[in-house]
Amino acid sequence: MKNFLIKEFLQIFRDKRTLIILFGIPIVQVLLFGFALKNEMRDVPIAILDQSKDEYSRQLIHKIISSEYFVLQENLDSEKGIEEAFRKGKIKELIVIESNFAEKLEKENRAVVQLILDASNPNEASVISSYTTAILNSFEREINPSFAGVPMIIPETQMRFNPELRSVFMFVPGVITIILMLVSAMMTSISIAREKELGTMEVLLVSPVKPIQIILGKVFPYVIMSFISAIIILLMAFTVFEMPIVGNLVLLLAESLLFIVMALALGIFISTVANSQQTAMLLSMFALLLPSILLSGFIFPIKNMPVILQYVSQIMPPKWFVIIIKNIMIRGNDFGSIWKETLIIFGFTVFFIGLSVKKFKIRLE
Amino acid sequence: MLSCLCGSIFTTKSQGARGNFKSFSVNKKRFGGEIRQINRMKTILYIIQKEFLQIFRDKMMLPIIFVIPIFQLLILAHTATFEIKYVDMGIIDLDQSVSSRALVQKFEASPFFKINARSFSLEKLSDEMQDARIEQILYIPADFSEQLEKKFPVKIQLITDAVDGAAAGLMSAYALNIIKDYNKSLLMESKSVASSIKTIDTRTSYWYNPDLDYKTFMIPGILVLLVSIIGLFLSGLNIVKEKEIGTIEQLNVTPIRKHHFIIGKLTPFWFIAMFDLFFGLAIAKFVFDIPIIGSIGLIASVASIYLVLVLGIGLFISTLADTQQQAMFIAWFFVMIFILLSGLFMPVENMPDWAQAINILNPIAYFIDFMRMVMLKGAQMADVMYHIISITIYAIISISLATWRYKKVV
């Protein structure tokens, strides 16, 4: 057993290029995504069609442009060219101010602003429209004199846990999860499939080492390496992105270790199913990549999905780990509030290991 | 075993090719050029045949190539929405007066707010929020109605769980809107000012997708992702596999020209990816009812160039790596970057400039954008000329780079 472990370590460390890839890629990705991925809206290209060009309309346009959300791409004079601008994707929103805007406001107390949005990306369109409406609302407040002696509710908003609404809080837990999940699952699935493909598995099988020992020996080095990689990522989240670790660090590391073991067990399971490295890799990457991005709550909140998919997401291990990380790092919760998620990941681990031991073929076909 | 088999298949086929060549050699002088051409075609065809056989011999490959992508398209298309269906809200009403109840009533009436907890203790509801059971707390102070009656402004608190910043922004905007409505009704009650309030009517229309159905937006994108990933991974693993098993040397001693070899290797993947793309388009049209306004011919022709580009990148990766494991890691590295920066899940405009600059090298971004413009907006060829030219140039670069690297390495 001991010698077998040594052999596994040797095999991994001999391959310098893979080692660089193994540690280098997650670091580059965390850095890249941490800085690049932002949900805060910024610099949306818009066009304005001002049919009235008076004091109020100019004031409104100034207010819109001076916000950091919008960039005035085109100042239209007529409705011609609107369609083309949208079709070419040059603008995302058109704001139409009706003619005699100021006059109507003064005399009739009511004027119309029309917003036309390119809704081919509906997610973006609804955010853009809500930002624009917010600006219009505050413009409305400005042009109305303040009403003294009128009852008013003044809401004070407080954003708990993330007062600046930084998207890093969302992305770092997601990126850590995906990297750990895919890298760990892939590494083990490949390492076993490779022995099969190169024929060295036969040598292992005739040796007095038991199947369970073979599996453990295969996994152990990768547990250590993935754990180091997890620590590096967390360290970067803390130092580079100033992500707080409000909760208990030891608990966080322990949970990460559990998750890594789970991902590795999944990798072993994949390798017992796959006949070649190629299928093992395609299974662990292709079948896992998009679901773990989309069904883990990393980018899109699971609560908003159709009910059936909410059930599907229950069997996605990354979902539970994302919850755990957020609970510990951001909310600062203790084990009491994440024992359920921990138990689920533990269950997955046992399940995958059990399945692989059962499927692990001692005989060759 | 495996390598042996494919090696032997290969040698018989190439011997066959040579045999044919001999039988033609009588007229070699007259039809030499023509025969050489036919022969070349045959060589390529044999390689293609061998590749197809090799791919489909592995029983796992068929579901991986055809079932998984379709399944993913069907499921994942439903996941990608930021739309918030409801907010779990907790209310603290310390006033318990007619006016405070009227405000609470407004929240209850909205389908968007689910009042899950009522309490008199902020601490208790804060605990609930700590454990993510409620997302928003509305706090109405005890002097609420008293202040309003005295015609003073009164402060209420709105606390939002902001772990997910984007969702928090929306949730708080929705709640503020309701409060704004309430304020308006307060203003209207006092007749003296009601007549002089200037209001701006905002009329919003959503073009191209009036119902804001996010599936319309996501499906072309997810389809592109799936096709690109499968193309990149398959071609990325290909040559490196021959390298790892050692069969590349057998191939090198055969009289096949390198570029024939590459054409023969990539054609099967091209067909597979093309098939996946069109099968996915059919699903988009008939299952999800997504309009395909633009021309199918335009989509097909640009897709065929795009796939050359993707396969070229895959092949290039394949020549760089020593083992399949490495190739897979490199491919995965790029795929992750391409996916997350492509603007499919998060708008590109929000990213810093340098990240947007990376997208110049992101093939997926070009093709997703192209597909959306043609499918959803009915863009003509002139509208997407930029995309077509970029994809074509990129395809030429990637395939030549791959060929050049391949020659150098082997």
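Residues numbered from 1 in each chain as written. Chains lettered and ligands numbered in written order. Predicted model: local features only at pLDDT ≥ 70, side-chain atom pairs only at ≥ 80, totals over all residues. Heavy atoms only, no water.

## A word on the confidence of the model for chain B
All names here are of chain B. How we decide: pLDDT measures the predictor's confidence residue by residue and takes values from 0 up to 100. Secondary structure elements follow DSSP: runs of H or I of four or more residues count as helices, runs of E of two or more count as strands, with numbering from the N terminus. Note on contacts: a residue pair is in contact if any heavy atoms of the two residues lie within 4.5 Å.
For chain B, the average pLDDT comes to 83, and 90% of its residues sit at 70 or higher. Looking at the elements of chain B, mean pLDDT is at its lowest for helix α1 (residues 2-24), recorded as 41, and at its highest for strand β3 (residues 136-140), recorded as 94. Below pLDDT 50 for its whole length, residues 1-26 participates in 24 contacts with residues either more than four positions away or in separate chains. Across the whole predicted complex the pTM is 0.80, and at the interface the ipTM reaches 0.77.

## Focus on the interface of chain A and chain B
Heads up, the rule is: Take the accessible area each of two parts loses on contact, using a 1.4 Å probe, and add the two losses: that sum is the buried area. The term salt bridge refers to a pairing of a side-chain nitrogen on Lys or Arg with a carboxyl oxygen on Asp or Glu at a separation within 4 Å. Here a polar contact is recorded for every N or O atom pair within 3.5 Å, except that within protein the pair must consist of a potential hydrogen donor and a potential acceptor, and residues adjacent in sequence are included only if both atoms are side-chain atoms. Polar here means any residue outside two lists: the nonpolar Ala, Val, Leu, Ile, Met, Phe, Trp, Tyr, Cys and Pro, and the charged Asp, Glu, Lys and Arg; Gly therefore counts as polar. Strands pair, by our definition, only if DSSP identifies at least two bridges between them.
The interface is formed by 120 residues belonging to chain A together with 128 residues belonging to chain B. Considering only the surface of chain A that becomes buried against chain B, Arg87, Ile153 and Phe286 of chain A emerge as the three largest contributors, covering 7% of it. For the pair chain A and chain B, the interface holds five salt bridges. Salt-bridge contacts for Asp201 of chain B lead to Arg110 of chain A; the nearest nitrogen and oxygen are separated by 3.0 Å. Between the two partners, chain A and chain B, sit 34 residue pairs in polar contact (both at pLDDT 80 or more). Per-element tally for the side of chain A that touches chain B: the top contributor is helix α11 (residues 277-294) of chain A, with 14 residues. Taken together, the residues that form the side of chain A that touches chain B break down as 70 nonpolar, 28 polar and 22 charged. Pairing of strand β5 (residues 152-160) of chain A with strand β4 (residues 153-161) of chain B, which is carried by nine bridges, proceeds in the parallel orientation. Counted as the bridge partner of Glu156 of chain A is Gln157 of chain B from β4 of chain B.

## Some points on empty space enclosed by the protein
All names here are of chain B. Let me state the cut-off plainly: Whether a set of points on the 1 Å grid over the protein atoms alone is a cavity depends on a 1.4 Å probe fitting there but being unable to get out, while an open set qualifies as a pocket with protein on both sides within 12 Å along at least five of seven lines; lining residues are those with an atom within 4 Å of a point. Grid points are joined across faces, edges and corners, and a volume is the space filled by probe spheres set on the points.
Enumeration over the complete set of coordinates arrives at four cavities of 30 Å³ or more. Roughly 50 Å³ of internal volume is contained in the largest cavity. Forming the walls of the largest cavity are Ser228, Leu232, Tyr306, Val310, Ile313, Val335, Phe338, Pro363 and Ile364. When residues of the lining of the largest cavity are assigned to their parent elements, the largest contribution, three residues, is made by helix α12 (residues 296-320). Looking at the lining of the largest cavity, its residues break down into eight nonpolar, one polar and no charged.

## Some points on the domain arrangement of chain A
Interfaces are often described in size by the accessible area the parts lose on coming together. Note the following rule: The domain limits used here are those given by an automatic or database domain assignment.
Here the domain parsing of chain A yields domain 1 (1-36), domain 2 (44-160) and domain 3 (167-359). Placing a centre on the C-alpha atoms of domain 1 of chain A and another on those of domain 2 of chain A gives a separation of 52 Å.

## Thoughts on the pattern of salt bridges
Inclusion rule: Here the term buried applies to any residue with accessible area under 20% of the maximum for its type, exposed to any over 50%, and partly exposed to those in between, with areas from a 1.4 Å probe on protein chains only.
Scanning all chains against the criterion turns up 19 salt bridges over all chains. In this structure, Asp77 of chain A and Lys53 of chain A form a salt bridge, with 3.9 Å as the shortest nitrogen-oxygen distance. With Asp77 of chain A in the loop between β2 (70-76) and α4 (82-87) and Lys53 of chain A in the loop between β1 (44-50) and α3 (55-66), the pair connects residues that are 24 residues apart, well separated along the chain. With a shortest N-O distance of 2.9 Å, Lys377 of chain B and Asp118 of chain A are connected by a salt bridge. One end of the pair, Lys377 of chain B, is in helix α15 (residues 363-377); the other, Asp118 of chain A, is in strand β4 (residues 110-118), on a second chain. For the pair shown, Lys377 of chain B and Asp118 of chain A are each scored as buried. Taken together, the salt bridges that share partners define one network made up of Lys50, Glu51, Glu242 and Lys265 of chain B.

## Focus: the nonpolar core
For clarity, the threshold we go by: Nine residue types can take part in a nonpolar core, namely buried Ala, Val, Leu, Ile, Met, Phe, Trp, Tyr and Cys, and a core is a set of them joined through side-chain atoms within 4.5 Å.
Ile299 of chain A together with Trp332 and Phe345 of chain B are the most contacted members of the largest nonpolar core, which totals 200 residues. Each of domain 1 (1-36) and domain 3 (167-359) of chain A contributes no fewer than three residues to this core. Among residues more than four places away in sequence, those in contact with Ile299 of chain A are Met170, Phe171 and Ile293 of chain A together with Phe82, Leu340, Phe345 and Met346 of chain B. Listed in part, the 27 residues of the second largest apolar core include Tyr56, Ile64, Ala102 and Leu115 of chain A.

## Some thoughts on the packing of aromatic side chains
For clarity, the cut-off: We call Phe, Tyr and Trp rings a pair once their centres come within 6.5 Å, taking the six-membered ring for Trp, and we label the pair stacked below 30 degrees between planes, edge-to-face above 60, and tilted otherwise. Only when the NZ atom of a Lys or the CZ atom of an Arg is both within 6 Å of the ring centre and within 35 degrees of the ring normal do we say a charge sits over the ring.
Scanning the model with the defined rule gives 26 aromatic pairs over all chains in all. When the ring of Phe66 of chain B is compared with that of Phe275 of chain B, the centres are 5.2 Å apart and the planes differ by 90°; the resulting orientation is edge-to-face. With Phe66 of chain B in helix α3 (residues 61-76) and Phe275 of chain B in helix α11 (residues 258-286), this residue pair connects regions lying 209 residues apart in the sequence. Using a relative accessible area of 23% as the deciding quantity, one classes Phe66 of chain B as partly exposed. Arranged with centres 5.0 Å apart and planes meeting at 80°, the rings of Phe107 of chain B and Phe113 of chain B form a pair that is edge-to-face. With a relative accessible area of 0%, Phe107 of chain B lands in the buried category. Here Lys319 of chain A stacks its cationic end above the ring of Trp320 of chain A, 4.5 Å away from the centre of that ring. It is Lys215 of chain B that lies over the ring of Tyr214 of chain B; its NZ or CZ is 5.6 Å from the centre.

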